Amino acid sequence: MRVAVVGSGVLGAAVADELVRRGLSVVVRTAEESRPPVTDVAFGWLNSHGSAAEPPSGARDRDELARSLGALRDVTATPPLRGLITWNGAVSWASTAAATARFAERSGPGVATVEAEALRQILPGVRVTPPVAAYAGDEGMVEPDALRHGFLARARAGGATVVAARVDHVRARRAGGYELRGAGETLVVDRIVLACGTGLPALAEQLGEDIEVPGVPAARFTFSAPELRLDRVVSTPDFEIRPSARHGFVGAEDMVPGETETATRARVRESLSAVREAFGLPREPVLGEVTAGVRPIPAGDGVLCAPLASAPGVVALAAHPGVTLAALLALRAAGQLVHPG
């Protein structure tokens, strides 16, 4: 069986790796092999509970997210993925102690409340502490592109081919299977995984399926702060940051649709000023690169992993948070291809 995976972000890379490990012939087609825009804007927090700083979301399936962390632990236990993830836990707090306590209670036994003195043990560098914080000890962090490259490297080692060529058209063949056309050579395959983010609806429409994958704007930024002591994710109403061996530190910011680059940078600088105050830094952190992009968030619970009813042998795959869910959804998508129905 020959399978095309359209898209080489972390979801496409993970499913390509899983399909190769099941003995399938895999071709990954991607418009941007070096820096897929969705993975490029991902923060890299492996999160099963959410953040106390964010409004509660009834759409989150915490059990599924918890299973996804287990799947990631399993799939990254061997090279070239071993050692990519740091499982140091995450700290978050809301604007009030009551809201933080409610978040911890809703989250269950995986999240504990800690008061200011205990928080200083978890975050030795923090100076301005909230009365209560929430600590999720089972969560982790990863460089999203490193995880993506690890999946692709293992898929390639198993025989997968990665072709940097955009797919614009897909159609079913009378003789069976599918034909993909765009930049580069036409590709004929037996089955397809559409893992191309906000580009998925246009290709699904060509196969007779109406799918919505809205793109929600977000920004990822890097910064340096030599005096900042931090070894885990911290999420507050004013900032969301984590350490990075590659970049120093990484932060994430939501964006307003249509906002200018100047407005985004101003938002990021406000975040960095809040970091300076919270950690008592002697100077403002130095801003590095700001990357604006979109997060594909399917309607409903934010996860799409399903065969197309109108196109047997085609699976649509998109999710938020994609980095957290990558390994679990790769297993699910592969199962739907190999054992349809």
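Preceding block: the structure.
Residues numbered from 1 in each chain as written. Predicted model: local features only at pLDDT ≥ 70, side-chain atom pairs only at ≥ 80, totals over all residues. Heavy atoms only, no water.

## Quick word on the pattern of salt bridges
- The final tally for this structure, using the stated rule, is 17 salt bridges.
- E64 is the salt-bridge partner of R332, the closest N and O atoms lying 2.5 Å from each other. Residue R332 is located in helix α9 (residues 322-338), and its partner E64 is located in helix α3 (residues 62-75); the two are separated by 268 residues in the primary sequence.
- Here D145 makes a salt bridge to R148, at a shortest N to O gap of 3.1 Å. Here the residue D145 and the residue R148 both occupy positions in helix α6 (residues 144-157), the gap between them amounting to 3 residues, near one helical turn. (Salt bridge = Lys/Arg side-chain N within 4 Å of Asp/Glu carboxyl O. Helix = DSSP H or I, 4+ residues; strand = E, 2+ residues; numbered from the N terminus.)

## Describing the packing of helix α1 (residues 10-21) against α9
- Interaxial distance between α1 and α9 falls to 8 Å at its minimum, and their mutual angle equals 45 degrees. Judged by the inter-axis angle, α1 sits oblique to α9. Classified by chirality, the crossing of α9 by α1 is right-handed. Facing V10, L11, A14, V15, E18 and L19 of α1, the residues of α9 in contact are G322, V323, A326, L329, A330, L331, A333, A334 and L337.
- Across the contact of α1 with α9, the residue classes break down as 13 nonpolar, 1 polar and 1 charged. (Axes fitted to C-alpha atoms, helices over the stretch in contact; angles between N-to-C directions. Parallel < 35°, antiparallel > 145°, perpendicular 65-115°, else oblique. Left-handed = near helix turned anticlockwise from the far one by under 90°. Contact = heavy atoms within 4.5 Å. Nonpolar A, V, L, I, M, F, W, Y, C, P; charged D, E, K, R; others polar.)

## Overview of the packing of α1 against α6
- The geometry of α1 relative to α6 is characterised by a closest axis approach of 8 Å and an angle of 25 degrees between their N-to-C directions. By the angle between their directions, the pair α1 and α6 is classed as roughly parallel. Relative to α6, the crossing made by α1 is left-handed. Where α1 approaches α6, its residues V10, A13, A14, A16, D17, V20 and R21 are matched on the opposing element by L147, R148, F151, L152, R154 and A155.
- Considering only residue class, the contact of α1 with α6 consists of 9 nonpolar, no polar and 4 charged.

## Here we look at the environment of A319
- Looking at the secondary structure, you find A319 in strand β19 (residues 314-319).
- Sequence spacing of A319 and L331 is 12 residues, and the spatial spacing of their C-alpha atoms is 14 Å.
- When sequence neighbours within four positions are dropped, the list of residues in contact with A319 reads L11, P296, P298, G302, V303, L325 and L329.

## Observations concerning the sheet that holds strand β10 (residues 178-182)
- On the basis of which strands lie adjacent, the open sheet formed by 3 strands has the order β9-β10-β11 and antiparallel pairing. Each edge of the sheet is formed by a strand with only one pairing partner; in this case those strands are β9 (167-172) and β11 (187-189). The mean inter-strand angle of the sheet, taken between neighbouring strand axes irrespective of direction, is 20 degrees.
- The pairing of β9 with β10 spans 5 bridges and is classified as antiparallel. Of the residues in β10, the one forming a bridge with A172 is Y178. (Pairing = 2+ DSSP bridges.)

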